[in-house]
Amino acid sequence: MLRLLVAEGNTSAGRRRIAESAGATPAESYADVLRAIAPDAKVDNLVLDELDRELECRGHRFVRYADDCNIYVRSERAGQRVMQSITRFIKQKLKLKVNEAKSAVAQPQERKFLGFSFTADPDTKRTIAPKSLERFKRRIREITRGAKGVSIKTTMEELAKYLRGWRGYFGFCETSEVLIAFTRWVRLRLRAALWRQWKTPGRRRAALIAQGVSGELRNTAGSGRGPWNIARSKALSVGLSNAYFKLLGLPTLVETR
């Protein structure tokens, strides 16, 4: 696989032809004219449409979004050859620049595109790129860390909004085990956050009883272990169960049918 990142040059034959067909005068900005005739489309998409047609004519498998293009080939040698050829086409034909620092020939699982990547297994699957997962965890930490000074309802509303939006985009992945693991991790973050909110052993014991925890499990209230360890305990699994969070409106990252 090779990835090409195109950087707009000072002039573009493709841009000029489109603008002139719209009646632009030499004194007008071609980019301004393009934005006027197609305000909802990026200038990049109009100009690089010619690149799409060239790749199709050559029979390449590719995907492009704006100025970011991935081309899939069978070998590294083929990747190097295609990269040289397409780079030459972009520079000479389209009069555009190629960001060589961000362009590369690599295995699909080593690159990301729009937040996604591929697994290295023989049965290749579409998965979520590591950086996207890190951003997800960072955002969840921000929300649950802020839960210390607000009600669980307020926290849940903010969390549910983010999770639904994230699932709407990344639910497209083919690695459901990742979504299941992250759903469990979010619940653990919430259990730890609530444990911090309860603060004292007395309040924690009262909260556990109110949540239906009985017997010796109530003694967890006096534990000296940290919130993250307690979040994994039997007492909180019972008192703050999956069903409890569902009633509060916490969505799952895995689509239920």
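Small disclaimer: the values here were computed from a predicted structure and weren't measured. (Residues numbered from 1 in each chain as written. Predicted model: local features only at pLDDT ≥ 70, side-chain atom pairs only at ≥ 80, totals over all residues. Heavy atoms only, no water.)

Structural notes on the packing of aromatic side chains
In this structure the tally under the stated criterion is 12 aromatic pairs. Between Phe136 and Phe182 the ring centres are 5.3 Å apart and the planes differ by 50°, which places this aromatic pair in the tilted class. Separated by 46 residues along the polypeptide, Phe136 in helix α6 (residues 130–145) and Phe182 in helix α8 (residues 176–198) bring together distant segments of the chain. With respect to class, Phe136 is no different from Phe182; both count as buried. One aromatic cluster in this structure is built from Phe116, Phe136, Tyr162, Trp166, Tyr169, Phe170, Phe172, Phe182 and Trp185. Lying across the ring of Phe172, Arg126 places its NZ or CZ 3.6 Å from the centre. Lying over the aromatic face of Trp185, Lys137 brings its terminal NZ or CZ to 5.2 Å of the ring centre. (Phe/Tyr/Trp six-rings, centres within 6.5 Å; stacked < 30°, edge-to-face > 60°. Helix = DSSP H or I, 4+ residues; strand = E, 2+ residues; numbered from the N terminus. Buried < 20%, exposed > 50% of the residue type's maximum accessible area, 1.4 Å probe, protein only. Lys NZ or Arg CZ within 6 Å of the ring centre and 35° of its normal.)

With respect to helix α5 (residues 76–92)
A rise of 1.5 Å per residue sets the reference length of α5, with its 17 residues, at 24 Å; its end C-alpha atoms lie 24 Å apart and thus fit the reference within 8%. Here α5 has its buried residues at Ala78, Gly79, Val82, Met83, Ser85, Ile86, Thr87, Phe89 and Ile90. (Expected span 1.5 Å × (residues − 1).)

Some thoughts on α8
Taking 1.5 Å per residue, 23 residues should reach 33 Å; α8 reaches 34 Å between its end C-alpha atoms and fits that length. Buried residues dominate α8, accounting for 17 of its 23 residues. Note on α8: the residue one or two positions beyond its end, Lys199, has a positive phi of about 60°.

Here's the deal with the packing of α8 against helix α9 (residues 201–210)
Between two packed helices, the angle of one axis relative to the other and the distance separating the axes together describe the packing. Their axes nearest at 8 Å, the elements α8 and α9 cross at an angle of 125°. When the axis of α8 is compared with that of α9, the two are oblique. On the side of α8, the interface is formed by Trp195, Arg196, Gln197 and Trp198, while α9 contributes Arg203, Arg204, Ala207 and Leu208. The residue inventory of the contact of α8 with α9, partitioned by class, reads 4 nonpolar, 1 polar and 3 charged. (Axes fitted to C-alpha atoms, helices over the stretch in contact; angles between N-to-C directions. Parallel < 35°, antiparallel > 145°, perpendicular 65-115°, else oblique. Contact = heavy atoms within 4.5 Å. Nonpolar A, V, L, I, M, F, W, Y, C, P; charged D, E, K, R; others polar.)

A word on the pattern of salt bridges
Counting across every chain of the model gives 7 salt bridges. Between Arg126 and Glu174 there is a salt bridge, with the nearest N and O atoms lying 3.8 Å from each other. Of this pair, Arg126 sits in strand β7 (residues 126–128) while Glu174 is found in the loop between α7 (152–170) and α8, placing the two residues 48 residues apart along the sequence. Several salt bridges converge on common partners, so that one network encompasses Arg139, Glu142 and Glu158. (Salt bridge = Lys/Arg side-chain N within 4 Å of Asp/Glu carboxyl O.)

As for the nonpolar core
When a protein is soluble and globular, its nonpolar side chains tend to lie buried together. One finds Phe136, Leu159, Leu163, Trp166, Val186, Leu190 and Leu250 to be the most contacted residues of the largest nonpolar core, which totals 33 residues. Where this core is concerned, the elements lending two or more residues are α6, α7, α8, α9 and α11 (234–239). At 9 residues, the largest contribution of residues to this core is made by α8. Not counting residues within four places of it along the chain, the set of residues in contact with Leu159 comprises Ile140, Ile143, Val186, Leu190 and Leu250. (Core = buried A, V, L, I, M, F, W, Y, C linked by side-chain atoms within 4.5 Å.)

Limitation: the analysis is restricted to geometry and does not speak to function.
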